[in-house]
Amino acid sequence: MARRVAIVGTGQTKHRSQRDDVNMMEIVYEAATAALQDAELSIQDIDAVLLGNMEMFEGRALPEMWCGEGAGGVYKHCLKIATGGTSGTSVAISGFQHAASGLFNIVMAIGFEKQSDGHTAAGMALTDPFWDRHVAAGAIGNFALSISQYVAARGVTREQAAKVAVKARRNACNNPYAHLQLPHITVEEVLSSPIIAYPVHRLDMCPTSDGACAVIYAEETRAKKICSRPAWVRAAVTRHDYSYLGDLKDRLISIRTLRDAARVAYAKVGIHEPLKEFDVAEIYEPVSYAELAWYEALGFCKEGEAGRLIDNGITLMDGELPVNPSGGVLSTNPIGASGTIRVAEAALQIHGKGGKRQVSGVNMALVTGYGVYSWSDVMILSSSPG
Amino acid sequence: MSKEELLRIPIKMDLEYRYPTGKHFTHFFRVLKEEGKIMALKCPKCGYVFLPPRPACGECHVPLEEWVQVSDKGTVQAFTAIHFKFFDANLGRVRPVPFGSALIRLDGADSSLNHYLEENDVTKMHIGMRVQAVFRENRQGNIGDILYFRTIR
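Residues numbered from 1 in each chain as written. Chains lettered and ligands numbered in written order. Predicted model: local features only at pLDDT ≥ 70, side-chain atom pairs only at ≥ 80, totals over all residues.

1. Overview of the overall build of chain A
Okay, step 1: A tally of regular secondary structure across chain A gives 18 helices and eleven strands.
Okay, step 2: The globule rule puts the C-alpha radius of gyration for 386 residues at 21 Å, and the 19 Å found for chain A is close to it.
Okay, step 3: Here the C-alpha coordinates of chain A stretch approximately 55 × 45 × 40 Å along the principal axes.
Okay, step 4: For chain A, the proportion of its 386 residues judged to be buried stands at 62%.
Okay, step 5: Across chain A, every contact between residues at least 6 apart in sequence was considered, and the portion connecting residues at least 24 apart equals 79%. (Helix = DSSP H or I, 4+ residues; strand = E, 2+ residues; numbered from the N terminus. Rg over C-alpha atoms; globule rule 2.2 N^0.38 Å. Buried ≥ 20, exposed ≤ 12 C-beta atoms within 10 Å, placed from the backbone. Contact = placed C-beta atoms within 7 Å.)

Below is the structure:
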């Protein structure tokens, strides 16, 4: 039987397109020390350190070794997890599982990426050498294909997608850590930015960022001592899918990995009306259209009604369910950290430490991760251990 | 510490890779080269026809051994035109833009194939559009032997 576990501290760096002021070990150290400080713990209190990173993007092998001292992993149980875009949520879920297993009491999970060190496009291009590499055009190219299906099936408009992009960048202005801060961005500006892959405009897509984020988990007894309002992990579900894009039937419409992960997580916690029962959601939206697709898959609305949700402002900061008060992946995307940031931001909302991006009275928070062609993670955090 | 000017150390690398194709891809690429046929593997349990071919069915996790020929004609399931300059790891340089690409379900297959369209104007693309493979003259035994898919009018 798994033990009850809560997030008792979070820390992140100021995310930017290029953090030339720090190297990889220094950026990880920045996040790790911020999380320890937040939890009022020292590195001696930590039993295990887990790292999430996509090393191909920096072009540095064994990042878990080269940032060991910065992460605080020296003489500890320490390993690295890499699952594409889900790396950050995978490492966070693994952190929870380590503490829940009873083998470790306090665990730190750190996601990080320093994209400006290397060539993310080259890392993406080094996909399957026999088939995919021949035609692949990174995340933008494969999303554009799936978006053509989603738009045809659901009739969402480019204006509705642009509203998602605007919401993210405006929310980011309340988050001092967010990379893109565009307080005056408009739907017209998104639509007049160049088309990079039809129908995706440049401002529909996430940026590339440097950054790191750490979350600290503690088992029940310790969590209650460390934190006055712990963020209890109530569910953590991960689903992987086929290798090739052509085997994911109507990817954004069916998105069966996310639907199944959500179904299992909701059943575990007893969520029946997600729009009403969650107080905030931090979801992994690498492109504006994906957020609309996730609304349906996560049960925020009926099939085909995602456009209405954004039109009616339901997911804005003052709406019924604020989605991504942090600004989301559309504002900040250090890939190995992007999922960990979702977890940390949801925990922050429960801790009541959200500052200008705080949603009032958060008791139940939803987190998702998304990676490669269709891998999905879902976590539910709560102010109550259940 | 005093404020120092920050440095970047530039490094360039030339690397070569050799990827073994394994038995399933080897058969596919040999038949493509020698006979100009597109082959796929059928799951003995659920009947799904896989393209690219692979050792096992994802749903049933049973070995795939039954080769079936699929058509060189198919239906577009998803489409786009790429306008941004993406690094092509096969070419070792940026791929020329714009180019049309699509997920194409060849007649007889259940998977869709991610490949190029001859067309790069999205106003002339739609889901359900019929297309046919155009092969290169001197086939070499790789996926590039299909140059692109042209619209059937």
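2. A closer look at the interface of chain A and chain B
Okay, step 1: Facing 32 residues of chain A, the contacting portion of chain B comprises 32 residues.
Okay, step 2: Where the side of chain A that touches chain B is concerned, the elements lending two or more residues are helix H6 (120-125), helix H7 (132-135), helix H8 (138-154) and strand S5 (195-197) of chain A.
Okay, step 3: Examining the composition of the side of chain A that touches chain B, we find that nine residues originate from one element, H8(A), more than from any other.
Okay, step 4: Partitioned by chemical class, the residues of the side of chain A that touches chain B number 20 nonpolar, seven polar and five charged. (Nonpolar A, V, L, I, M, F, W, Y, C, P; charged D, E, K, R; others polar.)

3. Overview of the sheet that holds strand S1 (residues 5-12) of chain A
Residue and element names in this part refer to chain A.
Okay, step 1: Spatial strand order, S3-S2-S4-S7-S1-S8-S11-S10-S9: nine strands in an open sheet with mixed pairing. Strand pairing shows two members of the sheet lacking a second neighbour, strand S3 (77-81) and strand S9 (280-282), which therefore form its edges. Going across the sheet, the axis of each strand differs from the next one's by a mean of 25°, ignoring polarity.
Okay, step 2: By the bridge criterion, seven bridges tie strand S8 (residues 231-239) to strand S11 (residues 375-382) in an arrangement that is antiparallel. Following the sheet pairing, Ala236 is matched in S11 by Met379. (Pairing = 2+ DSSP bridges. Axes fitted to C-alpha atoms, helices over the stretch in contact; angles between N-to-C directions.)

4. Remarks on the environment of Glu4(B)
Okay, step 1: If you trace the backbone, Glu4(B) turns up in the segment before helix H1 (22-35).
Okay, step 2: Sequence spacing of Glu4(B) and Leu113(B) is 109 residues, and the spatial spacing of their C-alpha atoms is 53 Å.

5. Observations regarding helix H13 (residues 256-269) of chain A
The periodicity of an α-helix, 3.6 residues per turn, causes residues three or four positions apart to be oriented the same way.
Residue and element names in this part refer to chain A.
Okay, step 1: Under the 1.5 Å per step criterion, the end-to-end length of H13 is 20 Å for 14 residues, consistent within 8% with the ideal 20 Å.
Okay, step 2: Inspection of H13 places Thr257, Leu258, Ala261, Ala262, Ala265 and Tyr266 among the buried residues, and these make up the whole buried set. Buried residues of H13, seen end-on, are gathered within an arc of 150° and therefore sit on one face of the element.
Okay, step 3: Along its buried surface, H13 packs onto S8, helix H14 (274-277), helix H15 (288-297), strand S10 (364-371) and S11. (Expected span 1.5 Å × (residues − 1). Arc of directions from axis to C-beta.)

6. Observations regarding the pairing of strand S4 (residues 73-82) of chain B
All names here are of chain B.
Okay, step 1: With respect to burial, S4 is a largely interior element, eight of its ten residues being buried.
Okay, step 2: Sheet topology places S4 next to strand S9 (residues 130-135); three bridges connect them, and they run antiparallel. Within S9, the residue paired with Thr75 across the bridge is Arg130.
Okay, step 3: Relative to strand S7 (residues 99-106), S4 runs antiparallel, the two sharing eight bridges. Note on S7: the bridge partner recorded for Thr75 is Arg105.

7. Description of helix H18 (residues 335-351) of chain A
All names here are of chain A.
Okay, step 1: When the terminal C-alpha atoms of H18 are compared, their 25 Å separation across 17 residues agrees well with the 24 Å that a helix rising 1.5 Å per residue should span.
Okay, step 2: Of all 17 residues making up H18, 17 are buried, and the element is well covered by its neighbours.
Okay, step 3: A positive phi of about 80° marks Gly352, the residue just after H18.

8. Considering the nonpolar core
Residue and element names in this part refer to chain A.
Okay, step 1: Within the largest apolar cluster, 176 residues are counted, with the highest numbers of intra-cluster contacts made by Val28, Ile110, Ala214, Val215, Ile216, Ala365 and Leu381.
Okay, step 2: Looking at which element gives the most residues to this core, the answer is helix H1 (residues 24-39), with ten residues.
Okay, step 3: When residues are assigned to domains, this core turns out to be shared by domain 1 (5-118 + 209-226) and domain 2 (121-207 + 234-382), each giving three or more.
Okay, step 4: Residue contacts for Ile216: discarding those within four places in its chain leaves Ile7, Val8, Gly9, Ala35, Ala39, Leu41, Ile106 and Met108. (Core = buried A, V, L, I, M, F, W, Y, C linked by C-beta atoms within 7 Å. Domains from an automatic or database assignment.)

9. A word on the packing of helix H9 (residues 158-172) of chain A against H15(A)
Residue and element names in this part refer to chain A.
Okay, step 1: The geometry of H9 relative to H15 is characterised by a closest axis approach of 8 Å and an angle of 100° between their N-to-C directions. By the angle class used here, H9 and H15 are roughly perpendicular. Along the contact surface, H9 presents Gln160, Ala161, Ala162, Val164 and Ala165, while H15 presents Ser288, Tyr289, Glu291 and Leu292. (Parallel < 35°, antiparallel > 145°, perpendicular 65-115°, else oblique.)

10. Things to note about the environment of Thr315(A)
Residue and element names in this part refer to chain A.
Okay, step 1: Its place among the elements puts Thr315 in the loop between helix H16 (306-311) and helix H17 (328-331).
Okay, step 2: Considering only alpha carbons, one finds Thr315 and Phe300, 15 residues apart in sequence, at a separation of 9.6 Å.
Okay, step 3: In this structure, Thr315 is in contact with Lys167, Leu309, Ile310, Leu321, Pro322 and Val323, ignoring residues within four places of it in sequence.

11. Re the sheet that holds strand S2 (residues 49-50) of chain B
All names here are of chain B.
Okay, step 1: Read across the open sheet, the three strands follow the order S2-S1-S3; overall the sheet is antiparallel. Every interior strand has two partners, whereas the edge strands, S2 and strand S3 (66-70), have only one.
Okay, step 2: Strand direction decides the pairing type here: strand S1 (residues 38-42) and S3, joined by five bridges, are antiparallel. Following the sheet pairing, Met39 is matched in S3 by Gln69.

12. Looking at the domain arrangement of chain A
Note on interface size: it is often stated as the accessible area lost on association of the parts.
Residue and element names in this part refer to chain A.
Okay, step 1: Per the domain assignment, the segments of chain A are domain 1 (5-118 + 209-226) and domain 2 (121-207 + 234-382).
Okay, step 2: One C-alpha centre belongs to domain 1, the other to domain 2, and the line joining them spans 22 Å.
Okay, step 3: Facing the 36 residues of domain 1 at the interface are 33 residues of domain 2.
Okay, step 4: Looking at the side of domain 1 that touches domain 2, the element that brings in the most residues is helix H5 (residues 87-100), giving eight residues.
Okay, step 5: When the residues that make up the side of domain 1 that touches domain 2 are grouped by side-chain class, the tally is 13 nonpolar, 19 polar and four charged.

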